[in-house]
Amino acid sequence: MKTLLSSLFLSALLLPAAPAANETAPSSELTNQEFLFKVIRYLYRWHLDEKDAQIVLEDGDAIFLVREDGLAPDSDDNSRFATIVLPQIDYTLSLKKADYAIPELGLEAHADTFEIVNVARISPEEMDDFEEIRIPFATIQQYSHEKRNEAQFAEGELLTAMRKEARHEILAYIQSRQEQGLPVDFHGYDTFAEFLAADQEIHLAPLPEVANDVWIFWETGGLLLHFSSELELNDPKLWGNDFLTLDLYDIDEQTVVSLDEVAGSNAYLTRDQVGRILYNCIVLGKRIVLEPGETPAKDGS
């Protein structure tokens, strides 16, 4: 199983490479209210809870500290970096607007907007050079409530590519467990082949507007699949290259109450994280039944 390179759920402290330029005043694309609403919508779905909302409610305004951190250190990389801090609830978001070419693969990483690459429950030690923006909590609350069920899903070429990419990882996961003598649950079927010959049920989480990743719950197999990349997921050239990260999590074996139980490992999710993922996949998500010829781990899918 691949190691998760950039999990938006583990609050890792590994931030993007330090930009070469000094901090500059944030551009309007970072500070405009529409963009900040999308950021809040992302956090609303994947991170925030009732306690966070109560803190901001008592203050009256939501405070955003925004800073543009400059360009990437490489001269042929025009990617831009930024940081957004929500000081009232101790969230720090690292953002990147990718803009570079990969000539040997004929690929271009060119994001249309800044995208969240890391979310950490910390506050920076240095709070200089940030621009403060305040938005009334009531305005944000109304927006989040009205937009809470809106969703866009992977489909067409993107969905087909996801199934193909998942094929290798699922087979590798099953094979690895068999080689290690670990139990493999075929959910009532005698063999893996018989299991795959049955209909497979998956649930797609909505695609985020300000991040480039997507979660899938493979209900038949009891696995969570996480696709992520800093390239656009809907670019067909991306699939099959090393610029796409796919991670599998066995819900039964890779769920813990606290990450302190498995300190130093990023192969686990907390019970709260799994709950949020399943909520987004099942409640807000899109259910798809794949017939045997369409299963992610079947040749030709």
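Provided above is the structure to which this section pertains.
Residues numbered from 1 in each chain as written. Predicted model: local features only at pLDDT ≥ 70, side-chain atom pairs only at ≥ 80, totals over all residues. Heavy atoms only, no water.

(A) Structural context of the pattern of salt bridges. Taken as a whole and judged by the stated rule, the model has 12 salt bridges. Across the salt bridge formed by Arg 41 and Glu 150, the nearest N and O atoms sit 3.9 Å from each other. With Arg 41 in helix H2 (residues 33–46) and Glu 150 in the loop between helix H4 (137–147) and helix H5 (156–179), this residue pair connects regions lying 109 residues apart in the sequence. You can call Glu 150 partly exposed: its relative accessible area is 38%. The residue Glu 68 makes a salt bridge to Arg 80 at a minimum N-O spacing of 2.8 Å. You can see Glu 68 sitting in strand S1 (residues 61–71) and its partner Arg 80 sitting in strand S2 (residues 80–86), a full 12 residues away along the chain. The same class applies to Glu 68 and to Arg 80, which are both buried. (Salt bridge = Lys/Arg side-chain N within 4 Å of Asp/Glu carboxyl O. Helix = DSSP H or I, 4+ residues; strand = E, 2+ residues; numbered from the N terminus. Buried < 20%, exposed > 50% of the residue type's maximum accessible area, 1.4 Å probe, protein only.)

(B) Local environment of the packing of aromatic side chains. All chains considered together, the criterion is met by two aromatic pairs. The interplanar angle of 25 degrees and the centroid separation of 4.5 Å between the aromatic rings of Phe 37 and Tyr 143 together place this pair among those described as stacked. On the criterion of sequence distance, the pair formed by Phe 37 in helix H2 and Tyr 143 in helix H4 is long-range, its members being 106 residues apart. Residue Phe 37 shares its accessibility class with Tyr 143, and that shared class is buried. Relative to Tyr 249, the ring of Trp 215 has its centre 5.9 Å away and its plane inclined at 35 degrees; by these criteria the two rings are tilted. With Trp 215 in strand S9 (residues 213–218) and Tyr 249 in strand S11 (residues 245–250), the pair connects residues that are 34 residues apart, well separated along the chain. Judged by its relative accessible area of 2%, Tyr 249 is buried. (Phe/Tyr/Trp six-rings, centres within 6.5 Å; stacked < 30°, edge-to-face > 60°.)

(C) Region of interest: the nonpolar core. Counting 40 residues, the largest nonpolar core has Phe 35, Phe 64, Ile 84, Leu 86, Leu 93 and Trp 215 as its most contacted members. Among the elements that make up this core, the one with the highest residue count is H2 (eight residues). Taken domain by domain, the makeup of this core includes at least three residues from each of domain 1 (33–146) and domain 2 (156–290). Not counting residues within four places of it along the chain, the set of residues in contact with Leu 86 comprises Ile 40, Leu 43, Ile 63, Phe 64, Tyr 91 and Leu 93. Core analysis: the next-biggest nonpolar cluster, separate from the first, contains 28 residues, Leu 158, Leu 159, Ile 170 and Leu 233 among them. (Core = buried A, V, L, I, M, F, W, Y, C linked by side-chain atoms within 4.5 Å. Domains from an automatic or database assignment. Contact = heavy atoms within 4.5 Å.)

(D) The packing of H2 against H4, seen in detail. At their nearest, the axes of H2 and H4 sit 10 Å apart, and the two run at 65 degrees to each other. Between H2 and H4 lies a crossing of right-handed hand. Where H2 abuts H4, its residues Phe 37, Lys 38, Ile 40, Arg 41, Tyr 44 and Arg 45 lie against Thr 139, Ile 140, Tyr 143, Ser 144 and Lys 147. Broken down by class, the residue content of the contact of H2 with H4 amounts to five nonpolar, two polar and four charged. (Axes fitted to C-alpha atoms, helices over the stretch in contact; angles between N-to-C directions. Left-handed = near helix turned anticlockwise from the far one by under 90°. Nonpolar A, V, L, I, M, F, W, Y, C, P; charged D, E, K, R; others polar.)

(E) Quick peek at the sheet that holds S11. Taking strand neighbours across the sheet as the criterion, the five strands line up as S11-S10-S9-S8-S14 in an open arrangement whose pairing is antiparallel. What marks the edges here is a single partner per strand, and that holds for S11 and strand S14 (286–290). Across the sheet, the mean angle from the axis of one strand to that of its neighbour is 25 degrees, orientation sign disregarded. As paired elements, strand S8 (residues 200–204) and S9 share three bridges and run antiparallel to each other. Paired with Ile 202 across the strands is Trp 218, a residue of S9. Contacting S8, S9, strand S10 (223–228) and S14, helix H7 (residues 271–283) runs over the sheet at an angle of about 85 degrees to S9. (Pairing = 2+ DSSP bridges.)

Everything listed is a geometric property; what it means functionally is a separate question.
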